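Analysis of the macromolecular model
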Amino acid sequence: MSLPHASLRHASHFAILLASFAPWSPSAAADVKRPVVIELFTSQGCSSCPPANAYLNEFVRQGRDVLPLAFHVTYWDRLGWKDPFSLPAATDRQARYGSRFGDGSYTPEIVVDGLTSHVGSNRAEVGPAIDRAKSARTTAAAIRLARNGDKLTVEVGGGEGRGRVLLVGFDHQHETAIRRGENGGRTLEELNVVRSVRALGDWNGTALRLNEPMPEGEDAAVLLEAADGRIVGAARL
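Note that the coordinates shown come from a computational prediction; the quantities given were computed from them, not determined experimentally.

Observations regarding the overall build of the chain
- Secondary structure assignment for the chain yields four helices and eleven strands.
- Here the chain displays about 10,400 Å² of accessible surface, and carbon together with sulfur accounts for 51% of that area.

Side note on the confidence of the model for the chain
- Residues with a pLDDT of 70 or more make up 86% of the chain, whose mean pLDDT is 89.
- pLDDT under 50 marks residues 5-30. Its contacts with residues more than four places away, or in other chains, come to 44 contacts.

Here's the deal with the pairing of strand β5 (residues 143-148)
- Judged from the six bridges that link them, β5 and strand β6 (residues 151-156) form a sheet pairing that is antiparallel. Looking at β6, one finds that Ile 143 is bridged to Val 156.
- Between the antiparallel neighbours β5 and β6 lie two residues, among them Gly 149 with a positive phi of about 70°.

So, the pattern of salt bridges
- Using the criterion set out here, one finds 14 salt bridges in the structure.
- With a closest N to O distance of 2.7 Å, Glu 39 and Arg 93 form a salt bridge. Taken as a pair, Glu 39 in strand β1 (residues 36-42) and Arg 93 in helix α3 (residues 88-101) lie far apart in primary sequence, 54 residues in all. Each of the two residues, Glu 39 as well as Arg 93, counts as buried.
- A salt bridge links Arg 230 to Asp 228, with the nearest nitrogen and oxygen atoms 2.8 Å apart.
- A relative accessible area of 27% means that Arg 230 is categorised as partly exposed.

Regarding helix α4 (residues 123-136)
- With 14 residues, α4 should reach 20 Å at 1.5 Å per residue; the first-to-last C-alpha distance of 20 Å fits that figure.
- Those residues of α4 not exposed but buried are Val 126, Gly 127, Ala 129, Ile 130 and Ala 133. Mapping the buried residues of α4 onto a view down its axis gives an arc of 165°, with all of them on the same face. Seen from the open side of α4, the exposed residues pointing more than 90 degrees away from its buried face are Ala 124, Arg 132, Ser 135 and Ala 136.
- As for α4, its buried residues are in contact with β1, α2 (49-62), β2 (66-72), β3 (109-112) and β4 (116-119).

Rules of the game
Residues numbered from 1 in each chain as written. Predicted model: local features only at pLDDT ≥ 70, side-chain atom pairs only at ≥ 80, totals over all residues. Heavy atoms only, no water. Helix = DSSP H or I, 4+ residues; strand = E, 2+ residues; numbered from the N terminus. Areas by Shrake-Rupley, 256 points an atom, 1.4 Å probe, with all protein chains shown as cover. pLDDT = per-residue confidence, 0-100. Contact = heavy atoms within 4.5 Å. Pairing = 2+ DSSP bridges. Salt bridge = Lys/Arg side-chain N within 4 Å of Asp/Glu carboxyl O. Buried < 20%, exposed > 50% of the residue type's maximum accessible area, 1.4 Å probe, protein only. Expected span 1.5 Å × (residues − 1). Arc of directions from axis to C-beta.

Right under this line is the structure:
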């Protein structure tokens, strides 16, 4: 586990598709098999991160029962290599997790469904944590997304509870030749690289429809996050 300093410890036409959205009911959410969200906090400047990046890439290629997302943090940028995908929003999101879990901010870190935190390259811990999350995942509301040009329609179904609706934009794949820093001389392949994160609003159990600009990135996902940080809904385009 790398620690940068002592304080960091631990189409066509979607009008038809939009018209096909069925009415939501509170009971519908329980029947939805949403993906388990896997958040990797990483940096191209961290020599311990490539094995965790490769591990996340495996999940990306496995299928759609998981939603792997690579959040590139900023606090490595001053240590020899500025990660072109680093985001202040990623650093802030990890800091909130660090405060909740009591382990600070470090790379690589994987957070599974907002429930548990692990060293990102520790397959012996991460794999079973994902399996447990698949068995116990909570779906407070079903979510659907549809794109029409540069616009995105997000539908969050009715259900019980409350949460914050987050829109995540991400790129499918990047290969980067690292010229300096701890990974200098390496070429890294990184999948599902997060390019933007923003809150769309709050969900209070009542079905809602939101029309938004497409986020920065090639693809989009929506997370429904409970007040305690748990992911209770997720979908992608």
